[in-house]
Amino acid sequence: MSLPTEIRNYKVPDRSLALWWFGQNGYILKTPGGIVAGVDLYLTDSCNGLQPGMNLRRTVPILIPPSELDVDLYLCTHSHQDHTDPETIRNLRNKDTMQFIGPQESCRIFSAEGIESSRIRISYPKCEFEFGDLHIRGTFALPTDDTDLNHMGFILRSGASGAKVYMTGDTDYTELLFEAAKHSPDVVITCINGGFNNLSHWEAATLVGKIKPKVAIPCHYDMFPDNSVDPKQFRAAMVLRAPDVQYQELDYGKPYLFSF
Ligand SMILES: [Fe+2]
């Protein structure tokens, strides 16, 4: 059975969220009501050669080619190519049935790749959307360079009071990130690579210690040879900065069920 079919068939219990990782900041989430949402799916090798002198060849296998992706919602946290990938979007077979959500610069790319305007929604910190039993809230993120000033994160919640996952997106370090604590996320998924002004493993562990979720998941450390770190550094930093939070490293393409 193909992975998209496996995801569609996967039964998610009430108040839970299921999560699959595809490398970097790419995830698919599924709700008990059957809503399937992709976030920052990078399903090509389009960054390869983007920066002369930098090795940005993808190292994570493409588990779902864009033409086979089957999601109801396609979310992006900002417009950098490892998050809003024009080649992935161009090759989506089901783009006429998906809703596309992202900040302004990502929406510009959605349009340029032929997504009709009625399927595009602009997101921003504090925005809220409901799709079936998936609740989406935008969160603040600090831009990492001057090419896109519309970075953001998302808190995705199952139903009215189910599991909540906070994804930081790419962000520089600022105490404003601690504001996400007021939404009491159960799971925090955070970048840890430190490169290009993203949170370092130590900053990410400090953030997790302030937010105090039940589980913290590292991401954005694995895709490119020239932008990789060992996630064990984040795990070790959590021992000191977030000792009460469970560290969880994900495997690619496997379901993780979060029920609280
Ligand atoms: Fe990134």
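Chemist: Where do I start with the overall build of the chain in this structure?
Modeler: Along the chain, the regular secondary structure elements total five helices and 14 strands. Across its three principal axes, the chain shows a C-alpha extent of roughly 50 × 45 × 35 Å. Taken over 260 residues, the chain has a buried fraction of 46%. Within the chain, counting contacts between residues at least 6 apart in sequence, those at least 24 apart form 63% of the total.

Chemist: Just checking my understanding: could you explain the packing of helix α4 (residues 201-211) against helix α5 (residues 232-241) for this structure?
Modeler: Geometry of a packed helix pair, given as the angle between the helix axes and the separation of the axes. In the contact formed by α4 and α5, the axes pass within 8 Å of each other and the chain directions differ by 40°. When the axes of α4 and α5 are compared, the pair comes out oblique. Crossing hand, α4 versus α5: right-handed. Residues H201, W202, A204, A205, T206, V208 and G209 of α4 pack against Q233, F234, A237, M238 and R241 of α5. Of the residues contributing to the contact of α4 with α5, the split by class is seven nonpolar, four polar and one charged.

Chemist: For this particular structure, what's the right way to read the nonpolar core?
Modeler: Formed by 64 residues in total, the largest nonpolar core has its most connected members in L17, L29, A37, L156, V165 and V208. Among all residues touching L17, those that are not within four sequence positions of it are V12, L29, T31, L156, S158, G162, A163, V165 and F258.

Chemist: Just checking my understanding: could you explain α4 for this structure?
Modeler: Every α-helix carries 3.6 residues per turn, so stepping three or four residues along brings you back to the same face. Of all the eleven residues making up α4, eight are buried; the element is thus mostly covered by neighbouring parts of the structure. Buried within α4 are the following residues: H201, E203, A204, A205, T206, L207, V208 and I211. Buried positions along α4 lie against β11 (187-191), β12 (215-219) and α5. In the segment just after α4, K212 is the residue with positive phi, at about 55°.

Chemist: Sorry, what's going on with unusual backbone geometry here?
Modeler: Excluding glycine, residues mostly have negative phi values, and the peptide bonds linking residues are mostly trans. Phi is positive for R15, close to 65°, though the residue is something other than glycine. Here R15 lies in the loop between α1 (3-9) and β1 (17-21). A count of 18 C-beta atoms within 10 Å places R15 in the partly exposed class. Phi at F196 takes a positive value of approximately 55°, unusual for a residue other than glycine. Its location among the elements puts F196 in the loop between β11 and α4. Since 13 C-beta atoms lie within 10 Å of it, F196 is described here as partly exposed.

Chemist: Where do I start with the environment of L177 in this structure?
Modeler: Tracing the sequence through the fold places L177 in the loop between β10 (164-167) and β11. Expressed as a C-alpha distance, the spacing of L177 and L207, which sit 30 residues apart in the sequence, is 7.2 Å. Dropping the residues within four chain positions of it, L177 is found in contact with F140, T168, T171 and L207.

Chemist: I tried to follow the sheet that holds β10 on my own but got confused; where do I start?
Modeler: The strands making up a sheet are joined through hydrogen bonds of the backbone, oriented either antiparallel or parallel. Reading across from one edge, β7-β8-β9-β10-β11-β12-β13 is the order of the seven strands in this open sheet, with mixed pairing throughout. In this open sheet, the two edge strands, each paired with only one partner strand, are β7 (128-131) and β13 (246-247). Sheet topology note: the strand β8 (residues 134-140)/strand β9 (residues 152-158) ladder contains seven bridges and is antiparallel. Counted as the bridge partner of F140 is M152 from β9. Against the sheet, α4 touches β11 and β12, its axis set at about 160° to β11.

About the criteria used
Residue positions are given per chain, counted from 1 along the sequence in the order it is written. The model is predicted, so local features are restricted to residues of pLDDT at least 70 and side-chain atom pairs to those at 80 or more, both for listing and for counting; the totals for chains, interfaces and linings are taken over all residues. Helix numbering and strand numbering both begin at the N terminus, where a helix is a DSSP run of H or I of at least 4 residues and a strand a DSSP run of E of at least 2. Field definition: a residue is buried when 20 or more other C-beta atoms are found within 10 Å of its C-beta, exposed when 12 or fewer are, and partly exposed for counts in between, with C-beta atoms placed from the backbone. Here contacts are defined at the residue level, using C-beta atoms placed from the backbone and a cut-off of 7 Å between them. For every element, the axis is a line fit to its C-alpha atoms; helices are fit only across the contacting stretch, and the angle between N-to-C directions ranges from 0 to 180 degrees. Should an angle lie under 35 degrees it is considered roughly parallel, over 145 roughly antiparallel, and from 65 to 115 roughly perpendicular; all remaining angles are considered oblique. Here a crossing is taken to be left-handed if its near helix is turned anticlockwise relative to the far helix by less than a right angle, and right-handed if that turn runs clockwise. Classification used: nonpolar for Ala, Val, Leu, Ile, Met, Phe, Trp, Tyr, Cys and Pro, charged for Asp, Glu, Lys and Arg, polar for all others including Gly. By definition, a nonpolar core groups buried Ala, Val, Leu, Ile, Met, Phe, Trp, Tyr and Cys residues that connect through C-beta atoms lying within 7 Å of each other. Strand pairing is assigned whenever DSSP detects at least two bridges linking the two strands.

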